[in-house]
Amino acid sequence: MGATTVVMAMVVTLALGGTSSAQTAAGETTAAPTAAELDGLVLARAMELDGVETDLSTTAVDRARLETAIASGREEYRVGLDQENATRAALGRYSVAVYMAGEVVPPHMTEALLTTRVGDLDLEGGRVLATTVHRELTEGARRASLDLDLVEAALDRDEAAAAQLDAHLDERRERQAQLIAEIETTRVDATRTRAAEEARAAQEARRRAEEALRASTPRPDSHRSGVVPSPTVRAEIIALLGGEISRTALDAYWRAAAITNAGRPGCGIDWALIGAIGRVETNHGTYGGAVLAPDGSTTPTIIGIALDGSRGTARVADTDGGALDGDPVVDRAVGPMQFIPGTWRAFAADGNGDGVADPHNIYDAAVATGTYLCSSAGGPIADQTNASRAVFAYNRSSDYNLQVLTLADHYRRVIDPSLPPRTPVTIAPPDPGDLPPPASPEVPRDPDPPTTTTTTPSTTAPSTTTTAP
């Protein structure tokens, strides 16, 4: 048990103290250890375990050697005891014989002869035997007793050392079992942590790839059209909405409603329904850090996840050669209103009058959304059932339907608090065969989406959290 064990213990102490403590001395929580740090702890514990097992092996050899010595010492003690008893017996027999012959040794000589342990051999008969003790037998008895004392002392030392070794072996075996358990537990933790790190790394890689894709997405020439929000968008209305909708986005929704109703007089769509879809889809063109310029363009472009059949999506083969979404393999939803490229081609619109239909421009995308909703409603969209049908066509999710209709009602009542709340109509999803292709894909939300919460000072808003696909 020497330097090896001490060094191993120091290694483990340094490793644990450096990276794996759950709390600092001041009580502040530290970051959880990484997989590499856990691997280091496993290595440190394995090194200590090697030292403990080496110590156990060495100590077991020493203990076996000591056990042999103890057995030999016990045999030597037995022989010495027999020798002592034999010398005592011989001395006793001789003393009786001398006494019977009348040979008496002067008392002062007896005292001189019996000055060591021999004088304890038989104190009760001392007076009788003392006068007949012979010097040679007395010295023999004395030597036998001294030899026996030495053997007994050595045996006591060996047995005490054996007890210490037994205690040390017990402690080392306990530490061995503890280290084995700790190594197994830490290995499991390292495996789990490594899997989590790899998942985070993969997610980060996907995020960076998506950012690169958005930054490199082709843009029509219309993204610098010079269109600015109409002066009719008043600051007090923006304030009533708690700043949730920018002036540009609100202007685009109002223009889209006017353009759509001019082309489809019987629809009766309002800005609130278009705006609610813009809110749920991309937080009014600002999802993922995108900036909505005064002319309605988004920078960088907003691109959805690949519709490749993974992560719960339906596979949508490429329909635009990557012209709108930058992906020549499969389609991705694009722009502030998240149109699938194939559906965009059917409903593309020019909402700002520059002669180019751009799904990445909120003016154009909002008009396309209004046109799509009116085409899918099957009647006046002011009717809740028709509105529900239109929104379900846009995105085939019942939760999406409820969220959009609730937000639209909220927007209307923020501007006109006298309007009574309207509970969205829950309808059975229409037969998809009776609907146009969806505008926005029903896809799972991002694991770590940016979130914004609707708040207004003038009325109670429904609690909603926006997560764009």
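## A few points about the overall build of the protein chain
Assigned secondary structure in the protein chain consists of 12 helices and 2 strands. Counting helices and strands in the order they occur from the N terminus, the protein chain gives α-α-α-α-α-α-α-α-β-β-α-α-α-α. A separation of at least 24 residues holds for 70% of the contacts in the protein chain among residues at least 6 apart in sequence.

## Notes on unusual backbone geometry
The omega angle of the peptide bond from Thr299 to Pro300 is -10°, so this bond is cis rather than trans. Examined against the element boundaries, Pro300 turns out to sit in the loop between strand E2 (298-299) and helix H9 (341-347). Notably, Asn283 is not glycine yet its phi reads approximately 55°, a positive angle. Along the chain, Asn283 turns up in the loop between helix H8 (271-282) and strand E1 (291-292). At Gln338, a position not held by glycine, the phi torsion is positive, near 55°. Here Gln338 is to be found in the loop between E2 and H9. Given a relative accessible area of 0%, Gln338 falls into the buried group.

## Some details on the side chain of Arg63
Tracing the backbone shows Arg63 in helix H2 (residues 35-101). Here Arg63 falls in the buried class, since its relative accessible area comes to 17%. Setting aside its immediate chain neighbours within four residues, Arg63 contacts Ala162, Leu165, Asp166 and Leu169.

## Things to note about the packing of H8 against helix H12 (residues 398-415)
With their axes 8 Å apart at the nearest point, H8 and H12 run at an angle of 125° to one another. In terms of orientation, H8 lies oblique with respect to H12. Taken as a pair, H8 and H12 cross one another with a handedness that is right-handed. Residues Trp271, Ala272, Leu273, Gly275, Ala276, Ile277, Arg279, Val280 and Glu281 of H8 form the contact with H12, whose own contacting residues are Tyr400, Gln403, Val404, Leu405, Leu407, Ala408, Tyr411, Arg412 and Ile415. For the contact of H8 with H12, the class distribution of residues is 13 nonpolar, 2 polar and 3 charged.

## A closer look at the packing of aromatic side chains
Scanning the model with the defined rule gives 6 aromatic pairs in all. With centroids separated by 5.4 Å and ring planes inclined at 90°, the aromatic side chains of Tyr372 and Tyr394 adopt a geometry described as edge-to-face. Within this pair, whereas Tyr372 is found in helix H10 (residues 362-377), its partner Tyr394 is found in helix H11 (residues 384-394), the two being separated by 22 residues in sequence. Residues Tyr372 and Tyr394 agree in their burial class; the two are buried.

## What to know about the environment of Arg207
Within the element layout of this structure, Arg207 appears in helix H5 (residues 135-216). Taking the C-alpha atoms as reference points, Arg207 and Ile305, separated by 98 residues in sequence, lie 9.9 Å from one another. Among the polar contacts listed, one links the side chain of Arg207 to the side chain of Glu204, at a separation of 2.4 Å.

## Some details on the state of the cysteines
Evaluated as defined, the whole model comprises 1 disulfide. Bridging Cys267 to Cys374, the disulfide has an S-S length of 1.9 Å. One disulfide, between Cys267 and Cys374, carries an S-S torsion of -80° and so falls in the left-handed class. You can see Cys267 sitting in the loop between helix H7 (247-263) and H8 and its partner Cys374 sitting in helix H10, a full 107 residues away along the chain. For the pair Cys267 and Cys374, a shared accessibility class is recorded, and that class is buried.

## Some remarks on a negative patch on the surface
A surface patch of like charges, here negative, comprises Glu76, Asp147, Asp149, Glu152 and Asp156. With 4 residues, H5 is the largest single contributor of residues to the negative patch. Summarising the element assignment, Glu152 is placed in helix H5. The class of Glu152 is partly exposed, set by a relative accessible area of 33%.

## Overview of the nonpolar core
Note on soluble globular proteins: their nonpolar side chains tend to be buried together. Judged by nonpolar contacts, the single largest core of 54 residues is most densely connected at Tyr253, Leu273, Leu373, Ile381 and Tyr394. Of all the secondary structure elements, the ones that give two or more residues to this core are helix H6 (235-240), H7, H8, H9, H10, H11 and H12. The greatest single-element share of this core, amounting to 10 residues, is contributed by H10. Among the nonpolar cores identified, the runner-up in size contains 7 residues, and Leu49, Val52, Leu56 and Leu169 belong to it.

## Observations concerning the pattern of salt bridges
The final tally for this structure, using the stated rule, is 20 salt bridges. Residue Asp82 pairs with Arg78 through a salt bridge whose shortest N-O separation is 3.1 Å. With Asp82 and Arg78 both in helix H2 and 4 residues apart, this pair spans about one turn of that helix. Its relative accessible area of 42% is what places Arg78 among the partly exposed residues. A salt bridge links Glu171 to Arg172; the nearest nitrogen and oxygen atoms lie 2.7 Å apart. Assessed through its relative accessible area of 36%, Glu171 is described here as partly exposed.

## Here we look at the confidence of the model for the protein chain
Mean pLDDT for the protein chain: 79, with 76% of residues reaching 70 or above. Note on residues 105-132: pLDDT is under 50 here. Beyond four places in sequence and across chains, it has 38 contacts. Confidence over residues 445-469 falls short of pLDDT 50; this stretch has 70 contacts with residues more than four positions distant or in other chains.

## Section: the packing of H10 against H11
Two numbers describe how H10 lies on H11: the axes approach to 8 Å, and their chain directions differ by 120°. On the basis of the axis angle, H10 is oblique to H11. Here H10 runs over H11; the crossing is right-handed. Contacts between H10 and H11 involve Thr369, Tyr372, Leu373, Ser376 and Ala377 from the former and Asn386, Arg389, Ala390, Val391, Ala393 and Tyr394 from the latter. Looking at the contact of H10 with H11, its residues break down into 7 nonpolar, 3 polar and 1 charged.

About the thresholds
- Residues numbered from 1 in each chain as written.
- Predicted model: local features only at pLDDT ≥ 70, side-chain atom pairs only at ≥ 80, totals over all residues.
- Heavy atoms only, no water.
- Helix = DSSP H or I, 4+ residues; strand = E, 2+ residues; numbered from the N terminus.
- Contact = heavy atoms within 4.5 Å.
- Buried < 20%, exposed > 50% of the residue type's maximum accessible area, 1.4 Å probe, protein only.
- Axes fitted to C-alpha atoms, helices over the stretch in contact; angles between N-to-C directions.
- Parallel < 35°, antiparallel > 145°, perpendicular 65-115°, else oblique.
- Left-handed = near helix turned anticlockwise from the far one by under 90°.
- Nonpolar A, V, L, I, M, F, W, Y, C, P; charged D, E, K, R; others polar.
- Phe/Tyr/Trp six-rings, centres within 6.5 Å; stacked < 30°, edge-to-face > 60°.
- Polar contact = N/O pair within 3.5 Å; in protein donor to acceptor, adjacent residues only side chain to side chain.
- Disulfide = S-S within 2.5 Å.
- Patch = residues over 30% accessible without salt bridge, like charges linked within 9 Å, V, L, I, M, F, W, Y side chains within 5 Å.
- Areas by Shrake-Rupley, 256 points an atom, 1.4 Å probe, with all protein chains shown as cover.
- Salt bridge = Lys/Arg side-chain N within 4 Å of Asp/Glu carboxyl O.
- Lys, Arg positive; Asp, Glu negative; His and termini not counted.
- Charge placed at Lys NZ, Arg CZ, Asp CG, Glu CD.
- Core = buried A, V, L, I, M, F, W, Y, C linked by side-chain atoms within 4.5 Å.
- pLDDT = per-residue confidence, 0-100.

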